[in-house]
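Commentary on secondary and tertiary structure
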Amino acid sequence: MKIEEIIEKVNEILVEEFEVDAEVIEADKNLKQTLDLDSLDYVDLVVIIESNFGVKLVEADFIDMVTFQDFYNIINNKIAAKNA
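Cut-offs applied
- Residues numbered from 1 in each chain as written.
- Predicted model: local features only at pLDDT ≥ 70, side-chain atom pairs only at ≥ 80, totals over all residues.
- Heavy atoms only, no water.
- UniProt positions renumbered as here; feature names shortened; annotations may be inferred.
- Helix = DSSP H or I, 4+ residues; strand = E, 2+ residues; numbered from the N terminus.
- Expected span 1.5 Å × (residues − 1).
- Buried < 20%, exposed > 50% of the residue type's maximum accessible area, 1.4 Å probe, protein only.
- Arc of directions from axis to C-beta.
- Contact = heavy atoms within 4.5 Å.

Within an unreviewed UniProt entry, the label attached to the chain reads Acyl carrier protein, and the organism entered is Paenimyroides viscosum. Taken verbatim from the UniProt record of the chain, the Pathway (unreviewed entry) comment is "Lipid metabolism; fatty acid biosynthesis." As stated in UniProt under Subcellular location (unreviewed entry), the record for the chain gives "Cytoplasm".

What follows is the structure, given as structure tokens:
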């Protein structure tokens, strides 16, 4: 799966599942501030990412995650590691 496909799918999930305005999703924007999700939303996000991409996000993944690009990269790296 290409990074472009990951970005498109993640953005689609954020818009559909979390009612995020597509216009506010930009690669260099702060993920947590832009989404303003609570802890239950993050649990839902982890489950949705796992079911759509077949990779599991853990708490440690969110520690250094700042931007949307960081989020895309983590998913991309986990997919690559799984397929290696």
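In the numbering used here, UniProt assigns the feature "domain: Carrier" (unreviewed entry) to residues 1-79. Within the segment residues 1-79, helix and strand shares are 67% and 0% respectively, and the terminal C-alpha atoms sit 8 Å apart.

Turning next to the environment of Lys2. Within the secondary structure, Lys2 sits in the segment before helix 1 (3-18). Linking Lys2 and Ile79, residues 77 residues apart in sequence, is a C-alpha distance of 9.9 Å.

Below, the discussion takes up helix 1. Residues separated by three or four positions in an α-helix point in the same direction, a consequence of the helix having 3.6 residues per turn. Compared with the 22 Å implied by 1.5 Å per residue over 16 residues, the 21 Å span of helix 1 between its first and last C-alpha is a close match. Residues of helix 1 that are buried include every one of Ile6, Val10, Asn11, Ile13, Leu14 and Phe18, and no others. One side of helix 1 holds all its buried residues, which, seen down the axis, span an arc of 155 degrees. Turned more than 90 degrees from where helix 1 packs its buried face, Glu4, Glu8 and Glu16 sit exposed. Buried residues along helix 1 sit in contact with helix 2 (31-35), helix 3 (39-53) and helix 5 (68-83). At the exit of helix 1 stands Glu19, carrying a positive phi of roughly 55 degrees.

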